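Listed below are the residues making up each chain.
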Amino acid sequence: MTPASPSDSTRRSLGGSHPRPVEAINRLVHRVLMTGLAISATLLVAGLVVWAARGGLLPRSVTGPVQALRDIGGLRPVGFFSLGLLALILTPFARVAGSVVIFLREHDRRYAAITATVLAIMVASILLGRA
């Protein structure tokens, strides 16, 4: 047995077949980042395809989420670009929020509080940036 791997008794005390908190967080981070990147890339590529098919100028600004959905419904590239960028921006937020949930489920109040504070700062920075 290597020093880095827990013994069977340690694994049982950590919940048997349940992953250790660090493993759960690593899996969550990987899954959230890959999913966010895939969604964002898909939307951005779709925007390029729609733009190439319809012609015209590339958008120079983005729209809000509701308008972006309307634009996608109307097959306007700006909607795809706007939602693609929004997905890319929100991916780290989802990762941090997921970490808070994992820490709470593991009853690790200290790290849950620290991570929730980071999330609050991230949200505040977005809200203050809009002002």
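Now for a quick tour of the structure. (Residues numbered from 1 in each chain as written. Predicted model: local features only at pLDDT ≥ 70, side-chain atom pairs only at ≥ 80, totals over all residues. Heavy atoms only, no water.)

**Regarding helix 5 (residues 109–130)**
Here is step 1: With 22 residues, helix 5 extends 31 Å from end C-alpha to end C-alpha; this agrees with the ideal 32 Å at 1.5 Å per step.
Here is step 2: Of all the positions in helix 5, only A112, T115 and M122 are classed as buried. Relative to the axis of helix 5, the buried residues are bounded by an arc of 90° and lie together on one face. Every exposed residue of helix 5 that faces more than 90 degrees away from the buried side is listed here: R109, R110, I121, L127 and L128.
Here is step 3: Against helix 4 (77–105) lie the buried residues of helix 5. (Helix = DSSP H or I, 4+ residues; strand = E, 2+ residues; numbered from the N terminus. Expected span 1.5 Å × (residues − 1). Buried < 20%, exposed > 50% of the residue type's maximum accessible area, 1.4 Å probe, protein only. Arc of directions from axis to C-beta. Contact = heavy atoms within 4.5 Å.)

**Here we look at a nonpolar patch on the surface**
Here is step 1: There is a patch of nonpolar side chains on the surface, built from M34, L37, V62, L85, L88, I89, L90 and I126 and spanning about 690 Å² of accessible area.
Here is step 2: Elements supplying a minimum of two residues to the nonpolar patch: helix 2 (21–54) and helix 4.
Here is step 3: The element contributing the most residues to the nonpolar patch is helix 4, with 4 residues.
Here is step 4: With respect to the helices, strands and loops of the structure, I89 is situated in helix 4.
Here is step 5: Residue classification places I89 among the partly exposed positions, given a relative accessible area of 47%. (Patch = residues over 30% accessible without salt bridge, like charges linked within 9 Å, V, L, I, M, F, W, Y side chains within 5 Å. Areas by Shrake-Rupley, 256 points an atom, 1.4 Å probe, with all protein chains shown as cover. Salt bridge = Lys/Arg side-chain N within 4 Å of Asp/Glu carboxyl O.)

**Describing the pattern of salt bridges**
Opposite charge on two side chains permits pairing when their charged atoms draw close.
Here is step 1: Evaluation of the coordinates by the stated rule reveals 1 salt bridge.
Here is step 2: D71 serves as the salt-bridge partner of R76, at 2.9 Å between the closest nitrogen and oxygen.
Here is step 3: Since its relative accessible area comes to 36%, R76 is described here as partly exposed.

**Some words on the packing of helix 4 against helix 5**
Here is step 1: For the pair helix 4 and helix 5, interaxial distance at closest approach is 8 Å and the crossing angle is 155°. On the basis of the axis angle, helix 4 is roughly antiparallel to helix 5. Judged by the twist between their axes, the crossing of helix 4 over helix 5 is left-handed. Between helix 4 and helix 5, the residues in contact are P92, F93, V96, A97, S99, V100, F103 and L104 and Y111, A112, T115, A116, V118, L119, M122, V123 and I126, respectively.
Here is step 2: Broken down by class, the residue content of the contact of helix 4 with helix 5 amounts to 15 nonpolar, 2 polar and no charged. (Axes fitted to C-alpha atoms, helices over the stretch in contact; angles between N-to-C directions. Parallel < 35°, antiparallel > 145°, perpendicular 65-115°, else oblique. Left-handed = near helix turned anticlockwise from the far one by under 90°. Nonpolar A, V, L, I, M, F, W, Y, C, P; charged D, E, K, R; others polar.)

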